[in-house]
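Chain by chain, the residues run as shown.
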Amino acid sequence: PGQAEIYVVSAFYLRSNLGKVDEAEQFLREGLRACPGEPEILFELGRIYAENRHDPERARNVWELALRNWEKLYGAQQDAERLLHAQILGHLARLEEQQKNYPKAIEHLQALQTVSPFKTGIQKWIDDLKQKQTGS
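Residues numbered from 1 in each chain as written. Predicted model: local features only at pLDDT ≥ 70, side-chain atom pairs only at ≥ 80, totals over all residues. Heavy atoms only, no water.

Novice: Describe in detail the overall build of the protein chain, supporting the description with residues and values.
Specialist: Secondary structure summary: the protein chain contains seven helices and zero strands in total. Written out in order from the N terminus, the α and β elements of the protein chain read α-α-α-α-α-α-α. Compactness check: the protein chain gives a C-alpha radius of gyration of 15 Å against a globular reference of 14 Å for 136 residues, within 12% of the reference. Each principal axis of the C-alpha distribution contributes one length, and for the protein chain these read about 50 × 35 × 20 Å. Out of the 136 residues in the protein chain, the part that is buried amounts to 42%. Put simply, 49% of the contacts in the protein chain that link residues at least 6 apart link residues at least 24 apart. Carbon together with sulfur atoms contributes 51% to the accessible area of the protein chain, which is approximately 7700 Å² in total. Within the protein chain, one finds 18 positive and 20 negative side-chain charges whose respective centroids are separated by 4 Å. (Helix = DSSP H or I, 4+ residues; strand = E, 2+ residues; numbered from the N terminus. Rg over C-alpha atoms; globule rule 2.2 N^0.38 Å. Buried < 20%, exposed > 50% of the residue type's maximum accessible area, 1.4 Å probe, protein only. Contact = heavy atoms within 4.5 Å. Areas by Shrake-Rupley, 256 points an atom, 1.4 Å probe, with all protein chains shown as cover. Lys, Arg positive; Asp, Glu negative; His and termini not counted. Charge placed at Lys NZ, Arg CZ, Asp CG, Glu CD.)

Written as structure tokens, this is what we have:
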């Protein structure tokens, strides 16, 4: 209890290697009780909703909460949990793109571009979304 990584890694193993999605979700919920609002646990829970439950609304809500909590916990620290921040933004951008909400996807990508070393690739993604948005 109190160590988010244990919940995340265990849940990932349960759902990916053993196909036990319900158990993984339950374990992550236990993790949230032990570590309230933990962004890493919320990120993984959002992946279950997106990838296994095919519920983009719940995934979006959980990832947006993860992003807000990340900003509260680590926003002032330049390098703290940068990978987690990038993962949350990237997954939100992909979800919004799949839902054809291009302005929101672009917004997440622009935030991702500020923290990612892959600025050129992200800019191409943004440009592609702008083309889709205008229908070109």
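Novice: Give a description of the nonpolar core that names residues and reports values.
Specialist: Core analysis: the largest hydrophobic core is formed by 39 residues, its most contacted members being Ile41, Ile88, Leu109 and Leu129. Put simply, the parts of the chain that give this core at least two residues each are α1 (4-16), α2 (21-34), α3 (39-52), α4 (56-74), α5 (82-98), α6 (102-115) and α7 (119-134). With seven residues, α4 is the largest single contributor of residues to this core. (Core = buried A, V, L, I, M, F, W, Y, C linked by side-chain atoms within 4.5 Å.)

Novice: Quick rundown of α7? Include the residues and the values.
Specialist: Between the first and last C-alpha of α7 there are 23 Å, a value that for 16 residues agrees with the 22 Å anticipated at 1.5 Å per step. Within the span of α7, buried status applies to Ile122, Trp125, Ile126 and Leu129. Seen end-on, α7 carries its buried residues on one side only, within an arc spanning 100 degrees. Of the residues in α7, the exposed ones pointing more than 90 degrees away from the buried face are Thr120, Lys124 and Thr134. Those residues of α7 that are buried are in contact with α5 and α6. (Expected span 1.5 Å × (residues − 1). Arc of directions from axis to C-beta.)

Novice: Residues and numbers for the packing of aromatic side chains, please.
Specialist: Scanning the model with the defined rule gives three aromatic pairs in all. When the ring of Trp70 is compared with that of Tyr74, the centres are 6.0 Å apart and the planes differ by 45 degrees; the resulting orientation is tilted. With a gap of four residues between them, Trp70 and Tyr74 both fall in helix α4, about one helical turn apart. Accessibility expressed as a relative area gives 6% for Trp70, which makes it buried. When its relative accessible area of 17% is taken as the criterion, Tyr74 is described as buried. (Phe/Tyr/Trp six-rings, centres within 6.5 Å; stacked < 30°, edge-to-face > 60°.)

Novice: Break down α5 for me, citing the residues and quoting the values.
Specialist: With 17 residues, α5 ought to run about 24 Å at 1.5 Å a step, and its terminal C-alpha atoms sit 24 Å apart, in line with that. Within α5 the residues assigned to the buried category are Leu84, His85, Ile88, Leu89, Gly90, Leu92, Ala93, Leu95, Glu96 and Glu97. Where α5 is buried, its residues meet α3, α4, α6 and α7. Lys100 sits one or two residues past α5 and shows a positive phi near 60 degrees.

Novice: With reference to specific residues and values, describe the side chain of His108.
Specialist: Residue placement: His108 occurs in helix α6. Those residues in contact with His108 that sit more than four places away from it in its chain are Leu89, Leu92, Ala93 and Glu96.

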